[in-house]
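Chain by chain, the residues:
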Amino acid sequence: MDTILVIDDQADVRMAAIVALNQIGYQCIEAQGPEQALEIISSTDISLILLDMNFKLDTTSGAEGLRFLQQLQTLSANIPVVVMTAWASVDVAVKAMQLGAVDFVEKPWNNLRLTAVVQQQLKLSKSNHDNACLKALNTTKHADYIANSPTMQQLLARAKRAAKTDASILITGENGTGKSLLANYIHQHSNRCEQRYVSVNIGAIAPSLFESELFGHKKGAFTDAKEDRLGRFEIANGGTLFLDEIATLPLELQSKMLRVLESQEFEVLGSSQTKIADVRIIAATNAELAKAIEEGEFRRDLLFRLNTIELHIPPLRERPEDIVELANHLLATHSKKYQRSGMTLTGEATLALTQYHWPGNVRELSHCVERAVIMSDNDNIGACDLILAQPSSEASISHSAAANQSLPLLPLEELEKQMIQKALAEFNGNVIAAGEFLGLSKSAIYRRIDKHQLDLKEADS
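Residues numbered from 1 in each chain as written. Predicted model: local features only at pLDDT ≥ 70, side-chain atom pairs only at ≥ 80, totals over all residues. Heavy atoms only, no water.

## What about empty space enclosed by the protein?
Let me state the cut-off plainly: The definitions used throughout rest on a 1 Å grid laid over the protein atoms alone, on which a cavity is an enclosed set of points accommodating a 1.4 Å probe that cannot get out and a pocket is an open set flanked by protein within 12 Å on both sides along at least five of seven lines; lining residues are those having an atom within 4 Å of a point. Grid points are joined across faces, edges and corners, and a volume is the space filled by probe spheres set on the points. The way it works is that DSSP assigns letters per residue, a run of H or I at least four long becomes a helix, a run of E at least two long becomes a strand, and they are numbered from the N terminus.
Evaluated as defined, the whole model comprises 3 cavities of 30 Å³ or more. Looking at the largest cavity, its volume works out to about 50 Å³. In this structure, the largest cavity is lined by 12 residues; those nearest its centre are Tyr356, Glu364, Arg371, Ile387 and Asn430. Of all the elements, helix H15 (residues 361-375) adds the most residues to the lining of the largest cavity, at 3 residues.

What follows is the structure, encoded as structure tokens:
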């Protein structure tokens, strides 16, 4: 059954929407505001969001609704959003659409209009999802991998050698080092390069949808199974299946994954017919799986099925020879994206790039260069345009923290808020880098920033 999240600060408005949607068979969850909604999204599989645009800050601008849409984009939640407001405003509606909203309903609404919009967008969302699984998978781009450093050249040599086999490969490394890019590179150099390359973020699959997402289902297999659906193993048949964030797979589901990896057999939900999964498995994680096994959170036998060959990507700080070429490659990419051809890095900028510690690795470097392309006033990007955090290493940050007085006795919530503020200040408002330093995922750091109502503009000043 599809679940609709209704976000509005007025209880009577929420109730009116819920009654109308319940009558046509939808399950509804209500939230009083964006903060509560983000908590619900992090733990619940939501099919569509009905979003009021105005809450406690004001009544007309839609600023809070727009901010929520921005936060939803950072979470890569891919949930269709229908916005609603009592104040008809073309400007707010356009801004909402630019931030990913799929439709607009004016309050007070006509129930037939509301339910028609919801039904149409849910149908379109499901169609887009299934089409993406069949269409986008055939458009895998050739993976460019820049590797000047000896360690990376050795890694790519091992990757090419492993690619020619069907052995399972486990890619390890810190967040932002390019694990998914290496997986793509391996596929492109494999004997399966003409077949499909299917990428699955295991951490983004709700446990209740695990079997449906990976193995598919037949129409009528469960309440909301309105039509047949192909699973990722079947889509990738003959090609490569990339299981990203494999360490996040819940323990109770690991046996199901192990079975298909061991026997290459699976059943589509609602069918008794056994199918064969002729796929090459590449998995990736930034977690210490040996430690997870010791703590009873990951199966040892599953690890053995995944790491026939293990490839570790070193962090960017350990391969400084790659930094400048990577930066120039990213500069060319982002310059083309924003139509600013002819941009170059000054000698001062390249020196600053090589001296920086890069806690967020290649992902942070890309973010840094992209921001410079957007904000620079001229075609020569200097060190000041890069806005690199100081001090330039985790070690110096840790040393600076140790030099301060011991931590004060504070409530945990306040201490968490202060640590996030300090990390944001250290990294000049770079949320991803601050989260990496604190050991938080992208979605986790943004949830905490919203919870503590931190101003990112202040952190970047």
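So that's the structure; there's more coming.
## Focus on the confidence of the model for the protein
Here is the rule we go by: On a range of 0 to 100, pLDDT expresses the predictor's confidence in each residue. Residues are treated as being in contact if the distance between any of their heavy atoms lies within 4.5 Å.
Mean pLDDT for the protein: 85, with 88% of residues reaching 70 or above. Taken as a whole, residues 391-406 scores under 50 in pLDDT and shows 15 contacts with residues more than four places along the chain or in a different chain.

## Structural notes on the nonpolar core
Operational definition: The definition of a nonpolar core used throughout is a set of buried Ala, Val, Leu, Ile, Met, Phe, Trp, Tyr and Cys residues joined through side-chain atoms within 4.5 Å. We call a residue buried when its accessible area falls under 20% of the maximum for its residue type, exposed when it is over 50%, and partly exposed in between, using a 1.4 Å probe and counting protein chains only.
Membership of the largest hydrophobic core comes to 36 residues, with the highest contact counts inside it found for Leu353, Trp358, Leu365, Ile381 and Leu386. Every element with two or more residues in this core is listed here: helix H13 (323-337), helix H14 (347-355), H15, helix H18 (412-426), helix H19 (431-438) and helix H20 (442-451). Examining the composition of this core, we find that 6 residues originate from one element, H15, more than from any other. Each residue touching tryptophan 358, except ones within four places of it in the same chain, is listed here: Leu316, Arg317, Ile323, Leu353, Glu364, Leu365, Cys368 and Leu388. By size, the runner-up hydrophobic cluster in this structure holds 33 residues, among which are Ile205, Val279, Leu303 and Leu306.

## Let's talk about the sheet that holds strand E14 (residues 309-312)
Put simply, the rule reads: A pair of strands is treated as paired once DSSP finds two or more bridges between them. To get an axis, fit a line to the C-alpha atoms, keeping to the stretch in contact for a helix; angles then go from 0 to 180 degrees between the N-to-C directions.
Read across the sheet, 5 strands follow the order E7-E10-E13-E6-E14 without closing on themselves; strand pairing throughout is parallel. Strands at the two margins of the open sheet, each flanked by one partner only, are strand E7 (197-201) and E14. Direction aside, neighbouring strands of the sheet carry axes that sit 20° apart on average. Where strand E10 (residues 240-244) and strand E13 (residues 280-285) come together, 4 bridges link them in parallel fashion.

## Some words on the pattern of salt bridges
Here is the rule: A carboxyl oxygen of Asp or Glu within 4 Å of a side-chain nitrogen of Lys or Arg is what we treat as a salt bridge.
In the structure shown here, the tally under the stated rule is 20 salt bridges. We note a salt bridge from lysine 337 to glutamate 370, for which the minimum N-O separation is 3.2 Å. Of this pair, lysine 337 sits in helix H13 while glutamate 370 sits in helix H15, and the two are 33 residues apart along the sequence. Among the residues examined, lysine 337 registers a relative accessible area of 54% and is labelled exposed. One salt bridge connects aspartate 379 with arginine 340, and the closest N-O pair in it is separated by 3.9 Å. Highlighted residues: aspartate 379 in the loop between H15 and strand E16 (380-381) and arginine 340 in the loop between H13 and strand E15 (344-345), separated in sequence by 39 residues.

## Description of unusual backbone geometry
Here the bond from lysine 107 into proline 108 is cis, since omega is -5°, no more than 30 degrees from zero. Structurally, the position occupied by proline 108 is in the loop between strand E5 (103-106) and helix H5 (111-135). Non-glycine residue glutamate 245 carries a positive phi angle of around 55°. Tracing the backbone shows glutamate 245 in the loop between E10 and helix H10 (251-263). A relative accessible area of 24% means that glutamate 245 is categorised as partly exposed. One non-glycine residue, asparagine 361, adopts positive backbone phi at about 60°. Along the chain, the position of asparagine 361 falls in helix H15.

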